[in-house]
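# Residue-level structure breakdown
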Amino acid sequence: MREEILQLLSKENPEIDFTISDELVDDGVLDSLTIVSLIGTLSMEYGIDIPYEEIVPENFNSIDAMAAMVERLRA
Amino acid sequence: MKEIKENGLKIIIFFLVGFILFESFSNIFVPKRFSYNKVYDAGKFKGYEREKSNDIDVLICGTSHASHGILPMELYEKYGIRSYNLGTSWQPIEATYYMLLEALHKQNPKIIIIDVSALYLTDYNEAAWNFVLDDLPFGGNKFKLEECMRHTDQENMHEGLIPFLKYHDRWKELKEEDFRDMLHISRHDYNKGGHISSITVKSNLSVEVMNAIADELQQNIEISEWEYKEGKDYKVPSKEMPYAVDVTEEKIEWLQKIKELCDEKNIQCLLVKVPVLAWPQLYSSAWSEAKYHTVKEISDKYDIVYYDFLYEAGLNLDYDRDSHDGGMHLNLSGAQKVSENLGKYLKEHYELPDERNEQWDRDLIIYKDVRNVAQLQLEQDFSKYIDFLSNNYKDKTILITASLDYMGLKDYGETLRKLGIKADFNSQFHDAYVAVVEGGVVKYEALSGDKLSYEGVCDISREKYRLYSSGWRTSAGATITIANRELANSFRGLNIVVYDNRKNLVLDSVCYDEQNNAIRNGDLIDSFMEGYERYMVEMED
Amino acid sequence: MTYLSILFIIFVTITTLFYYIFPKRIRWYILLIASAWFYWCAGYDKLLIVIMTSLVIWLASRAISRQYKKAEQEIAEQGIGGKEKAALLGKYKRKCRKFILIPTLCFLVGVLAYCKFALMLADVLWQIFSLDISFEVIVPLGISYYTFSSVGYLLDVYWKKAEHIGNYFKFALCVLYFPQIVQGPIARYNRLEKELFQEHPFDFKQICFGMQLMLYGYAKKMILADRLSLYTSKVFGNLQCYEGLVILIAVIASAFQIYMDFSGCMDIVRGASQIFGVTLEHNFMHPFFSTSTAEFWRRWHITLGIWFKDYVYMPVAVSKWLIKLITKTRNLFGKEAAKVVNIIIPLLIVWLLTGIWHGTGWNYVVWGLYYGTIIICSTLFMGQYKKLAKLLHIDMTKKSYQRFQMVRTFLVFAGGRLIAAPGTLTNTWIAIKQMFSGFNPWVFWDGTLYSMGLDYKDWCVVIIGLLLVRRISIFQERGSVREAIARRNIVLRWIIYYAAFFAILIFGIYGSGYNASDFIYGNF
């Protein structure tokens, strides 16, 4: 799952290194515009609804966190 | 709380220093109105505050007519009456009242003289209020006067109490004198609020004509153009103006307040009117006989003594010589006549002892000195002028240049002998002449058919002067400069400049033309007078 | 009472005295009383409206939080987990949404819309249908600001991002808190709560810093903003009479003017709040140092930008209907198209609303769309732009390029001012026409510029003031200026404080205006 997501997102946003830190949002690597496009990508790819409460830094700070969230929502 | 104790001292000092700075800035920004800037008749109260307590017997209040018309030092010189002139331009009667309240803190006058011009003062002029308001000390009266002034504009009330806020915009026009006078907000005034004006402007009006026009206006006759009306030998101007002879209730109330104040403090209240000659349709201050009668009625009704200088005093005012603006305000000559008459009146009708004291005597000396200069500047007649110079100004420098005309100026030559001049004007025709008389001795003189030029240095002051004269045949011209300042009036006639070496001040510049007319430049004379007064005041300090 | 009156200073002084006299625990009561009184001065009817509104919000948020508690209880009792738990929570959430959130939000936004648009609507009705409805609209002070704060708070409670504030009076203080009520900053109540209700010990340094910040704010507002407005109001009030550079300078002056005005006001309120130990959010972070319009709006009116991001942009961007739309677009037109839609729609909605929030005229709608378009374009074409720069051999990391970017951003902002400042779209059109109707550089030296409300000396004050603010802003980017001053010796510090204070008194635009002709002539 993690690898999948990493590949998917890196293809969409080639200039961002998603492995550079464990605090992607808090460190400013991802800004709101990017997060929106990530959400769009993830929603479309995995057919999930990401409710607004899930849009918190903890869920997007690393690929692992994102993977966990997707798993959770798919279930 | 510990922090407060630690920093308490710092806080106190911070505010203290801040307060001192605030006051200093306030002094810089408030417009300087005092005796030698007296173009506007303002700032009287600041000088008044510097008088010794209980040293004044008569207070004079009113508008600029009173300010120009009554000279306290004349009253003192002849009659030993100690008075102070608190008149200011356009002084509203409310301002008079509150100013008097403040004035009575330190002084105990026996008589308060009110010029009744204010009863007819209907226009609102903010600066006029400020002339009194800004000088009053911080307190209840200042606040109440501020309230009167701003009955509509409540928002900016605090400005009157804190002049800094009112005048902060003056940062754009601050001059050296604002900083120089920062610590000298008030100065002792040797003239006791009097105003010496040494300019003469003839009037083209007479009291009879003024009253005639006033009567016509009162009847609301429509005046259509400048024309000679049938049976009248004067032209009647075309402007129609509602002419008010009645005094409003409000003003009478304030007059009563002042009378009550006087009664309360056991002070005699005297109403006067300094003569004002003006076109009634243009100036509501024109003092017509109808107005005189109206005020007479009011004063009788409220039992206040009223003495009118124009219609009761029998003064012999010559409006060609006694006014500096064609009849509206009196100059030194006119004011002397009024003051003399007032002094006599006061002596006859009131108990006023002849009290002299040292300070006033010293002020009198300065006053006489300044008056001397003013009288020089007022002198019109050539013969008298030269007499004056040779008697009183022997120790000064006299510079003369002229473009001569055979017909006109030859008579001057004889009179000039009194100064030691030897030139024979009869011998030349349309020619050039320069002369320097210093310390009673003719240092240089030259008469020639060609252009003449002479440069020199004044004794004592070492200022450079330059004389130039050129006759009609050689393109007429005449120059007198001292320290590069052009002082000659005209190149047609005899230019005389009088200079005081010790004080480094020019005293007079006059040109006598071929008809024995004295030509002076009013602005120049004003500047001479202002400089002289400033010098006398500063020297005294 | 406005922030710019001696009355306000006295008010803050007295409040501070009472604040520190009373024990720490009840200090916030003083703030509540003071804020209520401050609002009362604006009108007791307005105060009533605000109190009722705040009560409605508080009750709504309490209802929501109670529903959620009930949900937690049920889950705990029934011991369910996983999908069932999610379903149960979802049910309660939908219940809250349908019966509490939506009505309350409608109420709040409705009141705001009514206050803003009722009169305009009446105008329109009159013009189209000749319907004469005359009525008065009571507009509560700061309604735009506290409405947004409240809406944000309610949504946060709904989304479980914030806790309901149990004590109504504490909540009321969050709403009414006087430094922020008039012009913001738009508060996040759960953050503000922490600041307000913490126990604040007496800190002399903080109080001094607060006063210094207020001083800076007053200087910016009274010396620069009010001075510039003398010129801009003259030009914008009479656009037909001016042309060319006069108008251009007015637009640029207007940009600086509104910055000094708004940021100065923010400094005043943040400084006042700091005196009480309460830190308010920054609303400005030197926006004119921005290198792009997007960055500009992260530095200008920051709290508004954040509000729109958190409560409009993100919810819209991740909402179901938008995702559906994007998916459909991708299926029909491909991934690129979907990306474009993903970018455009949320931004468009945000900027449309931002425009409407700022003003009631059509010009503000255009203004919002103006910025929306610029930001959308700069996002969409970022790649192409970079390629172009490479083609022209422009090094984007160089300082000179960054300076160019700052100027460019400023000009974009000035363009925005051109749309908003003249007041109506017609006037904007006139301004544009007049601006290009002639090139007249001689206005700089033939005296025209100095006879329109500002003379030569005034312009000097403006230029020097702007440079000074710029220098201070550069310092501020690097660290706290007040700290730096505090480290210096006492004489220098005091000179700076006195200088600032007297500069405001001397150069400030206030008072009845001394008429330089203290001159009286003739008559009396």
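First things first, this report covers the structure right here in the doc.

Thresholds applied
Residue numbers run consecutively from 1 along every chain, following the written order of its sequence. Written order determines the labels here, with chains lettered from A and ligands numbered from 1. It should be noted that, the model being predicted, local features are given only for residues of pLDDT at least 70 and side-chain atom pairs only at 80 or more, the latter also being counted only at that level, while totals for whole chains, interfaces and linings use all residues. Side-chain metrics in this entry use all non-hydrogen atoms of the structure; hydrogen atoms and water are not considered. The numbering of helices and of strands both runs from the N terminus, where a helix is a DSSP run of H or I of at least 4 residues and a strand a run of E of at least 2. Contacts were defined at the residue level, with two residues in contact if any of their heavy atoms lie within 4.5 Å. The globule rule is 2.2 Å times the number of residues to the power 0.38, and the radius of gyration it is compared with is taken over C-alpha atoms. Accessibility here uses a 1.4 Å probe with only protein chains present; expressed as a share of the type maximum, an area under 20% marks a residue as buried, one over 50% as exposed, and anything in between as partly exposed. Buried surface area refers to the total accessible area, computed with a probe of radius 1.4 Å, that the two partners give up upon joining, counted for both partners together. Each salt bridge in this description consists of a side-chain nitrogen of Lys or Arg and a carboxyl oxygen of Asp or Glu lying within 4 Å of one another. Residues are grouped as follows: Ala, Val, Leu, Ile, Met, Phe, Trp, Tyr, Cys and Pro are nonpolar; Asp, Glu, Lys and Arg are charged; all remaining types, including Gly, are polar. Residues qualify for a patch when their relative accessible area is over 30% and they have no salt bridge, like charges being joined within 9 Å and the nonpolar side chains of Val, Leu, Ile, Met, Phe, Trp and Tyr within 5 Å. Note on areas: Shrake-Rupley, 1.4 Å probe, and residue coverage restricted to the protein chains presented here. Here the nonpolar core consists of buried residues drawn from Ala, Val, Leu, Ile, Met, Phe, Trp, Tyr and Cys, with membership extended through side-chain atoms lying within 4.5 Å. We define a polar contact as two N or O atoms separated by no more than 3.5 Å, with the added condition that, inside protein, one atom must be a possible hydrogen donor and the other a possible acceptor, whereas residues neighbouring each other in sequence contribute only through side-chain atom pairs. Here, a strand pair is defined by DSSP locating no fewer than two bridges between the strands. Here, axes are lines fitted to C-alpha atoms. For helices the fit covers the stretch in contact, and angles between N-to-C directions go from 0 to 180 degrees. The positive count covers Lys and Arg only, the negative count covers Asp and Glu only, and His and the chain ends enter neither. We put the charge of a Lys on NZ, of an Arg on CZ, of an Asp on CG and of a Glu on CD. An angle counts as roughly parallel when it lies under 35 degrees, as roughly antiparallel when it exceeds 145, as roughly perpendicular when it falls between 65 and 115, and as oblique in every other case. By definition, any crossing whose near helix is turned counterclockwise from its far helix by less than a right angle is left-handed, and any crossing with a clockwise turn is right-handed. Cysteine sulfur atoms are paired as a disulfide whenever they come within 2.5 Å of each other.

A few words now on the overall build of chain B. A tally of helices and strands in chain B yields 18 helices and 17 strands. The long-range share in chain B, meaning contacts at least 24 apart out of those at least 6 apart in sequence, stands at 69%.

Right, let's get into the overall build of chain A. Looking only at helices and strands, one finds 4 helices and 0 strands in chain A. In terms of overall size, chain A behaves like a compact globule, its C-alpha atoms giving a radius of gyration of 11 Å where 75 residues would be expected to give roughly 11 Å. The dimensions of chain A, computed from C-alpha atoms along their principal axes, are 30 × 25 × 20 Å. Expressed as a percentage of its 75 residues, the buried residues of chain A come to 52%.

To continue, consider the interface of chain C and chain B. Frequently, the measure chosen for interface size is the accessible area that the parts lose on association. Listed as interface residues are 33 residues of chain C and, on the opposing side, 50 residues of chain B. Taking both sides of the interface into account, the surface hidden between chain C and chain B amounts to around 3,600 Å²; carbon and sulfur atoms contribute 66%. At the junction of chain C with chain B, the criterion picks out 2 salt bridges. With a shortest N-O distance of 3.5 Å, C:Asp455 and B:Lys172 are connected by a salt bridge. If you list the elements that add at least two residues to the side of chain C that touches chain B, you get helix 1 (6-21), helix 9 (204-236), helix 19 (456-478) and helix 21 (490-507) of chain C. Sort the elements by how many residues they give to the side of chain C that touches chain B and helix 21 of chain C lands first, with 9 residues. Taken together, the residues of the side of chain C that touches chain B sort by class into 19 nonpolar, 6 polar and 8 charged.

Residue and element names in this part refer to chain C. Side chains of Tyr114, Leu119, Leu121, Val124, Ile128, Phe129, Leu131, Ile133 and Phe135 sit close together on the surface and give an oily, nonpolar patch of about 870 Å² of accessible area. Relative to the elements of secondary structure, Ile133 occurs in the loop between helix 4 (82-129) and helix 5 (143-158). Ile133 gets classed as partly exposed once you look at its relative accessible area, which sits at 42%.

With that settled, the discussion passes to the nonpolar core. Membership of the largest hydrophobic core comes to 185 residues, with the highest contact counts inside it found for A:Phe18, A:Met66, C:Phe8, C:Ile64, C:Tyr189, C:Leu196 and C:Tyr231. Here this core gets 17 residues from one element, more than from any other, and that element is helix 10 (residues 245-275) of chain C. Not counting chain neighbours up to four residues away, the residues in contact with A:Met66 comprise A:Ile5, A:Leu9, A:Phe18, A:Leu24, A:Leu38, A:Leu42, A:Asn59 and A:Phe60. Of all hydrophobic cores here, the second largest spans 130 residues; its members include B:Met210, B:Ile213, B:Tyr306 and B:Tyr367.

Next up on the list: the interface of chain A and chain C. Across the boundary between the two partners, chain A contributes 19 residues, which contact 21 residues of chain C. Carbon and sulfur atoms supply 64% of the area buried between chain A and chain C, which totals about 1,900 Å² over both sides. Interface area lost by chain A to chain C is led by A:Val36, A:Met44 and A:Tyr52, which between them contribute 38%. Where chain A packs against chain C, one counts 0 salt bridges. The interface formed by chain A and chain C contains 0 residue pairs in polar contact (both at pLDDT 80 or more). Elements supplying a minimum of two residues to the side of chain A that touches chain C: helix 1 (2-12) and helix 2 (32-46) of chain A. In terms of residue count, helix 2 of chain A provides more of the side of chain A that touches chain C than any other element does, 10 residues in total. Here the residues of the side of chain A that touches chain C are counted per class, giving 10 nonpolar, 4 polar and 5 charged.

Residues and elements named next belong to chain B. The strand order across the open sheet formed by 5 strands is 2-1-3-6-7, and the pairing between neighbours is parallel. Looking at the sheet topology across the chains shown, the edges are occupied by strand 2 (83-85) and strand 7 (305-308). Here the average twist between neighbouring strands, direction ignored, is 20 degrees. As defined by bridge partners, strand 6 (residues 268-273) adjoins strand 7 across 4 bridges and the pair is classed as parallel. The partner of Leu271 across the bridge, within strand 7, is Tyr306. Strand contacts of helix 5 (residues 93-103): strand 1 (58-61) and strand 3 (111-115), with the helix running at about 155 degrees to strand 1, the strand carrying the most contacts.

A separate point is a positive patch on the surface. Residues and elements named next belong to chain C. Together, Arg94, Arg97, Lys320, Lys324 and Lys328 make up a positively charged patch on the protein surface. Counting only elements with at least two residues in the positive patch, the list comes to helix 4 and helix 13 (320-333). With 3 residues, the single largest contributor to the positive patch is helix 13. Residue placement: Lys320 occurs in helix 13. Residue classification places Lys320 among the exposed positions, given a relative accessible area of 53%.

The next subject is the sheet that holds strand 9 (residues 432-438) of chain B. Residue and element names in this part refer to chain B. Reading across from one edge, 10-9-8-15-16-17 is the order of the 6 strands in this open sheet, with antiparallel pairing throughout. The open sheet has two free edges, formed respectively by strand 10 (441-448) and strand 17 (518-519), since each of these has just one partner strand. Examined bridge by bridge, strand 16 (residues 505-512) and strand 17 share 2 bridges and lie antiparallel to one another. Within the sheet, the bridge partner assigned to Tyr512 lies in strand 17 and is Ala518. Across the face of the sheet, helix 15 (residues 358-378) comes into contact with strand 15 (493-500) and strand 16 while running at roughly 20 degrees to strand 16. Against the sheet, helix 16 (residues 382-392) makes contact with strand 8 (397-403), strand 15 and strand 16, and its axis sits at roughly 25 degrees relative to strand 15, the strand it touches most.

This next bit is on the pairing of strand 10 of chain B. All names here are of chain B. Two elements, strand 9 and strand 10, share 7 bridges in a ladder whose sense is antiparallel. Within strand 10, the residue paired with Ala435 across the bridge is Glu445. Following strand 9, the chain reverses through 2 residues before pairing antiparallel with strand 10; Gly439 in that reversal takes a positive phi of roughly 60 degrees.

Let us look at the pairing of strand 6 of chain B. Residue and element names in this part refer to chain B. In terms of residue burial, strand 6 counts as a mostly covered element, since 5 of its 6 residues are buried. Where strand 3 and strand 6 come together, 5 bridges link them in parallel fashion. Paired with Ile114 across the two strands is Leu271, which belongs to strand 6.

Time to look at the packing of helix 1 of chain C against helix 2 (residues 27-42) of chain C. All names here are of chain C. Closest axis-to-axis distance for the helix 1/helix 2 pair is 9 Å, and the angle between their directions is 160 degrees. Looking at the two axes, helix 1 sits roughly antiparallel to helix 2. For the pair helix 1 and helix 2, the crossing hand works out as right-handed. Contact residues: helix 1 offers Phe8, Phe11, Thr15, Phe18, Tyr19 and Tyr20, while helix 2 offers Arg27, Ile30, Leu31, Ala34, Trp37 and Phe38. Broken down by class, the residue content of the contact of helix 1 with helix 2 amounts to 10 nonpolar, 1 polar and 1 charged.

Pairwise contact counts over the 2 pairs of chains in contact peak for chains B and C. Chain A shows no contact with chain B. Their nearest C-alpha atoms sit 39 Å apart.

Residue and element names in this part refer to chain B. Across all of its chains, the model carries 41 salt bridges over all chains by this definition. We note a salt bridge from Lys273 to Asp115, for which the minimum N-O separation is 3.8 Å. Of the two residues, Lys273 is situated in strand 6 and Asp115 in strand 3; the sequence distance between them amounts to 158 residues. The burial state of Lys273 is the same as that of Asp115; both residues are buried. Across the pair Asp369 and Lys503 runs a salt bridge whose closest N-O atoms are separated by 3.9 Å. Here Lys503 lies in the loop between strand 15 and strand 16 and Asp369 lies in helix 15, a separation of 134 residues in the sequence. Taking the relative accessible area as the measure of exposure, Asp369 reaches 26% and is therefore partly exposed. In the salt-bridge network here, residues are joined through shared partners; they are Glu74, Glu77, Lys78, Glu340, Lys368 and Arg371.

It is worth spelling out the state of the cysteines at this point. Counting across every chain of the model gives 0 disulfides over all chains. Free cysteine: B:Cys148, not disulfide-bonded; nearest cysteine sulfur from B:Cys61 at 16 Å. Since its relative accessible area comes to 19%, B:Cys148 is described here as buried. Free cysteine: C:Cys174, not disulfide-bonded; nearest cysteine sulfur from C:Cys265 at 20 Å. Using a relative accessible area of 0% as the deciding quantity, one classes C:Cys174 as buried.

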